[in-house]
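Structural overview
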2 protein chains.
Amino acid sequence: MNGSADSPANSRKTSWKKDPEAVKENILAIATEEFAAHGLSGANINEIARKTSTSKRMIYYYFGDKEGLYCAVLEGVYSALRRSEDLLDVAGLEPVQALRRLVESTFDTHANAPHFIRLVMIENIHNGDYLRKSDIVPKLNRSIIDKLEEVCARGKAMGLFRDGADALQLHWLISSFSFYNVSNKATFSASFGTSIYSKSQQSILKARTTDMILAAVVIGYEPKSWN
Amino acid sequence: MNGSADSPANSRKTSWKKDPEAVKENILAIATEEFAAHGLSGANINEIARKTSTSKRMIYYYFGDKEGLYCAVLEGVYSALRRSEDLLDVAGLEPVQALRRLVESTFDTHANAPHFIRLVMIENIHNGDYLRKSDIVPKLNRSIIDKLEEVCARGKAMGLFRDGADALQLHWLISSFSFYNVSNKATFSASFGTSIYSKSQQSILKARTTDMILAAVVIGYEPKSWN
DNA sequence: CTGTTTATGTACCCACGGGTTAATTTGTCA
DNA sequence: TGACAAATTAACCCGTGGGTACATAAACAG
């Protein structure tokens, strides 16, 4: 019933190199695409395997099972984003400029990290179960809060910021529109049209949200972009 | 291999009422729960059928296939939310109070509509493909924009609001933190703790975001909650 | 009361896809 | 140079779950 005439059972690839790291990286990159595109249950292991330069067996060899692969992907995008945040240096800037910079770069970072956004959405659909299991992620998230705290402290000390300015609340706020802007693009567009996603409108939104936050935090700040 | 001793092959329910509307409603309610909980690919038709008071056959009879059921669920939660928005009457309030009311009630509405939030998240994962196919949804979304436009117009006419105040941008903004607050609760908590989701912190966030928007829109407004 | 349409229930099919088995090659170290 | 571990391949297994076939009861028209 088998035994194809040509090359009996030894059509097996007869030559290959050992390169565990490259194989792992390759799997992880493809899996990131696929999980971001289709979600945890929507992504297909066979399809992921097909798109890699290796075989399905290797996925299980290195990552155990589908959930293990998904966790690795999740940790990967989280640490990538946080690493990019670490590059941002605001310690030298005066408080108002520093806060402005933090808001604008968060907005931009999110806009340019669609995989991250989608995977976080997916993880929220799963109630954060896999993120909570990870031990590396909680540690990663200090740096952005530390930066905001440092800026708030300086701003208050200099009598520029209102007393209520709170790092965690600010992060929640800044993340909210930066994230929503990307995460809900599809349904927002379907409901209200695509106008606000044009390049010029996006700049305006970024300027206005930044101004809005500064007006809330900085005493006597005039939100000029709203005129 | 079958033929259970007790009631041979006629264990079939021998008496039932025809009630198409109730059956459809029942299926839709359960399906809403299940799709919201597990997503489109994650939800299980057998499981949905089991939880209804009818059979899997009826799901296919009324909704065609899994995607048809999902679309019906999506349209259901959208129209429910928009209907609740329609109940909100701000035409009688003076502009500043009207805007305040719109922000606060959007915040609350989202906080109390977890199914809606989760289904919109899921729909965004699917790039809005099913929402775009629906012909009822686009029409639904006018009312909230109309309300904001009316308030903005009055505010500007009375010299209270800045010229830049734009209904669509405001809706985007108000939705963003109202939505994010619910949608990203799981990952935000996993990363930064649950403190901001306490009842008291949520009130503060609502007050501050409202104040923040008013300070951006209303000329000379003092965001007191930030002190 | 009979024929037809609508609504419902039961049992089944089968492909898709997550996961595994077993063999085979590559590299390494006595 | 030969044994042993690590890396890799191809082929297979089988449960899950979306979807269907078929029979039949309710409702209704004439």
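The following refers to the structure shown. Given the structure is predicted, the values throughout are model-derived calculations rather than measurements. (Residues numbered from 1 in each chain as written. Chains lettered and ligands numbered in written order. Predicted model: local features only at pLDDT ≥ 70, side-chain atom pairs only at ≥ 80, totals over all residues. Heavy atoms only, no water.)

**Focus: the overall build of chain A**
Within chain A, the regular secondary structure consists of twelve helices and zero strands. For chain A, the α and β elements follow one another from N to C terminus as α-α-α-α-α-α-α-α-α-α-α-α. Taking 17 Å as the expected radius of gyration for a compact globule of 227 residues, we find that chain A reaches 23 Å, considerably beyond that expectation. Relative to its 227 residues, chain A shows a buried fraction of 50%. Here the contacts in chain A between residues at least 6 apart in sequence split such that 68% fall between residues at least 24 apart. Of the roughly 11100 Å² of accessible surface on chain A, a fraction of 52% belongs to carbon and sulfur atoms. Across chain A, the mean location of the 28 positive side-chain charges is 4 Å away from that of the 26 negative side-chain charges. (Helix = DSSP H or I, 4+ residues; strand = E, 2+ residues; numbered from the N terminus. Rg over C-alpha atoms; globule rule 2.2 N^0.38 Å. Buried < 20%, exposed > 50% of the residue type's maximum accessible area, 1.4 Å probe, protein only. Contact = heavy atoms within 4.5 Å. Areas by Shrake-Rupley, 256 points an atom, 1.4 Å probe, with all protein chains shown as cover. Lys, Arg positive; Asp, Glu negative; His and termini not counted. Charge placed at Lys NZ, Arg CZ, Asp CG, Glu CD.)

**Section: helix α6 (residues 114-125) of chain B**
Residues spaced three or four apart along an α-helix face the same direction, because each turn holds 3.6 residues. Residues and elements named next belong to chain B. Helix length check: α6 (twelve residues) gives 17 Å between terminal C-alpha atoms against 16 Å at 1.5 Å per residue, within 8%. Among the twelve residues of α6, ten are classified as buried, and the element is accordingly described as predominantly covered. Listing the buried residues of α6 in full gives Phe 116, Ile 117, Arg 118, Leu 119, Val 120, Met 121, Ile 122, Glu 123, Asn 124 and Ile 125. Positive phi appears at Asn 127, one or two residues downstream of α6, with a value of about 60°. (Expected span 1.5 Å × (residues − 1).)

**Re the packing of helix α9 (residues 142-157) of chain B against helix α10 (residues 167-183) of chain B**
All names here are of chain B. Contact pair α9 / α10: the axes reach a minimum separation of 9 Å and the direction vectors enclose 120°. Judged by the inter-axis angle, α9 sits oblique to α10. Where α9 crosses over α10, the handedness of that crossing is right-handed. Of α10, the residues touching α9 (which contributes Ile 144, Ile 145, Leu 148, Glu 149 and Cys 152) are Ala 167, Leu 168, Leu 170, His 171 and Ile 174. Looking at the contact of α9 with α10 residue by residue, the class counts come to eight nonpolar, one polar and one charged. (Axes fitted to C-alpha atoms, helices over the stretch in contact; angles between N-to-C directions. Parallel < 35°, antiparallel > 145°, perpendicular 65-115°, else oblique. Left-handed = near helix turned anticlockwise from the far one by under 90°. Nonpolar A, V, L, I, M, F, W, Y, C, P; charged D, E, K, R; others polar.)

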